[in-house]
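What the coordinates show
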Amino acid sequence: MQTYAVSFLCLLFASTGFAQMKKVEGFIFEASTNKPIEYAEITILNRMGGVYSDAKGYFSLQQNFNPRDTLVISALGYIQQKIILQEIELPLKIYLKEEIIEEISVRGKRTKIVKYKVGDLRNTNGSFLSNKIRYFNRSKITFINYIPNIKNKKGFIESIYIKLHKKNNLFLKDVATGAKIYYKSPNRIKIRIRCLSANKDLEPEKDLSKQEMIFEITSFKNQWIDISKYNIPFPENGAFVGMEILEVIGEDGMGNVSMPYFEVRESDKPAYIFGGGKWSLQKKRATFLGAEVSLEK
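Predicted model, so just to flag it, every value in this text is computed and none were measured.

**Notes on the overall build of the protein chain**
A tally of helices and strands in the protein chain yields 1 helix and 24 strands. The buried share of the protein chain, taken over its 297 residues, is 46%. Carbon and sulfur atoms provide 51% of the accessible area of the protein chain, an area that totals close to 16,400 Å².

**Focus: the confidence of the model for the protein chain**
Residue-level pLDDT values for the protein chain average 79, and 78% of them are 70 or greater. Mean pLDDT per element in the protein chain: helix α1 (residues 2–19) is the minimum at 45, and strand β7 (residues 92–96) is the maximum at 94. Note that residues 1–18 has pLDDT below 50 and, in this model, 5 contacts with residues that lie over four places away or in other chains. Residue range residues 130–138 is modelled with pLDDT below 50. Its contacts to residues more than four positions away, or to other chains, number 28 contacts.

**Considering the packing of aromatic side chains**
In this description, a pair of aromatic rings is defined by centroid distance and the angle of the planes. Counted according to the given criterion, the structure contains 9 aromatic pairs. With a centroid separation of 4.9 Å and 40 degrees between ring planes, the pair formed by Y161 and W224 is classed as tilted. Taken together, the residues Y161 in strand β11 (residues 155–162) and W224 in strand β18 (residues 223–226) connect sequence positions 63 residues apart. Judged by centre distance (5.6 Å) and plane angle (85 degrees), the ring pair of F240 and Y272 falls under edge-to-face. On the criterion of sequence distance, the pair formed by F240 in strand β20 (residues 239–249) and Y272 in strand β22 (residues 271–275) is long-range, its members being 32 residues apart. Exposure remark for F240: the relative accessible area of 0% places this residue in the buried category. Grouping aromatic residues by their ring pairs yields a cluster made of F27, F29, Y58 and Y95.

**Structural notes on the environment of K93**
Considering the arrangement of structural elements, one finds K93 in strand β7. Once the C-alpha coordinates of K93 and G26 are considered, the two residues, 67 residues apart in sequence, prove to be 5.7 Å apart. Apart from residues no more than four positions distant in its own chain, K93 is found in contact with F27 and F29.

**Things to note about the pairing of β7**
Burial along β7 is one-sided: L92, I94 and L96 are buried, while K93 and Y95, pointing the other way, are not. As paired strands, strand β1 (residues 23–30) and β7 are joined by 5 bridges and run parallel to one another. The residue of β7 that forms the bridge with F29 is Y95.

**Some details on the sheet that holds strand β4 (residues 58–62)**
In spatial order, the strands read β4-β1-β7; together these 3 strands make up an open sheet with mixed pairing. The sheet terminates laterally at β4 and β7, the two strands that pair on one side only. The sheet shows a mean angle of 30 degrees between the axes of neighbouring strands, direction not considered.

**Section: the pairing of β1**
Relative to β4, β1 is paired through 5 bridges, and the arrangement is antiparallel. Counterpart to V24 in the pairing with β4 is L61.

**Digging into the nonpolar core**
By size, the foremost hydrophobic cluster in this structure holds 34 residues, and its most contacted members are I157, I160, I191, I193, C195, I225 and I227. Mapped by element, the contributors of at least two residues to this core are β10 (142–147), β11, β15 (188–198), β17 (213–217), β19 (232–234), β20 and β24 (290–296). It is β20 that contributes the most residues to this core, 5 residues altogether. Those residues within four positions of I191 in sequence are excluded, and the remaining contacts are I162, M213, I214, F215, I217, I225, M243, E244, I245 and L246. Counting residues in hydrophobic clusters, the runner-up holds 20 residues, among them V51, L61, F65 and L85.

**Describing unusual backbone geometry**
The omega torsion of the bond from L90 to P91 falls at -5 degrees, within 30 degrees of zero and hence cis. As for its position among the elements, P91 is in the loop between β6 (81–84) and β7. Not every positive phi belongs to a glycine, and N34 is a case in point at roughly 65 degrees. Mapped onto the elements, N34 comes out in the loop between β1 and β2 (41–44). Phi angles above zero are rare outside glycine, and N152 is one such case at about 55 degrees. Along the chain, the position of N152 falls in the loop between β10 and β11. Overall, N152 belongs to the exposed group, its relative accessible area being 51%.

So, how was this worked out
Residues numbered from 1 in each chain as written. Predicted model: local features only at pLDDT ≥ 70, side-chain atom pairs only at ≥ 80, totals over all residues. Heavy atoms only, no water. Helix = DSSP H or I, 4+ residues; strand = E, 2+ residues; numbered from the N terminus. Buried < 20%, exposed > 50% of the residue type's maximum accessible area, 1.4 Å probe, protein only. Areas by Shrake-Rupley, 256 points an atom, 1.4 Å probe, with all protein chains shown as cover. pLDDT = per-residue confidence, 0-100. Contact = heavy atoms within 4.5 Å. Phe/Tyr/Trp six-rings, centres within 6.5 Å; stacked < 30°, edge-to-face > 60°. Pairing = 2+ DSSP bridges. Axes fitted to C-alpha atoms, helices over the stretch in contact; angles between N-to-C directions. Core = buried A, V, L, I, M, F, W, Y, C linked by side-chain atoms within 4.5 Å.

See below:
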């Protein structure tokens, strides 16, 4: 009985100490080379929002943690890792193993190709995904939409079509006067393009590239982004393509800067977001609208 009582008290004190934990920090490295991994995403399973590792692999995630929470570490080209918070020691040092990706096709010089624009490319206004739920708490969310392969032939993804808008309705209230203090519109943003294969049920499966496709956007309008140099294959059953915003930067740095709007529209094609360590289906909502692909003639 005495042994059980001591064990219970130890568990109680451990749980009480853990309940006060509000910050998890550490470093993300490649398992084979010990090099730091930049832009690895660190989230809590089944919770929206998270952080990215910096150029040194460092991250700091601040939330109200529960000892049963699971930390999810994801990085392009690496096997996802999950860690129960109750089992960690800080600061964390996490080593990710490279994910085996099928050999990427090389463009044949003699292969005849035809370029097609696929997806929803209409120029109607649609509606907007409010920036009130984004970036105010530094949420990191990836949006991807399914792009069908209209000819069922192998090819490459040449460019992607995005719709971003600078409209801003994010504000704070002045405590003394109650006046609205609007966040500044961004000067530029840094985005990462994602391309994933689709399984037989049209669900996102594996990344089609191990290379990071990171771009800086300074013009907030409908636009094409050329990714042809990355040789991203376009499978016969189509692919998921999309983007995530990594940084939102104003003239004076980060500060009180709002996130741009994504244009959204009802769609009969599957659309997913990545948050809380998993992909979640978005019913009738598409935030990424098209791609240009080259297919064998």
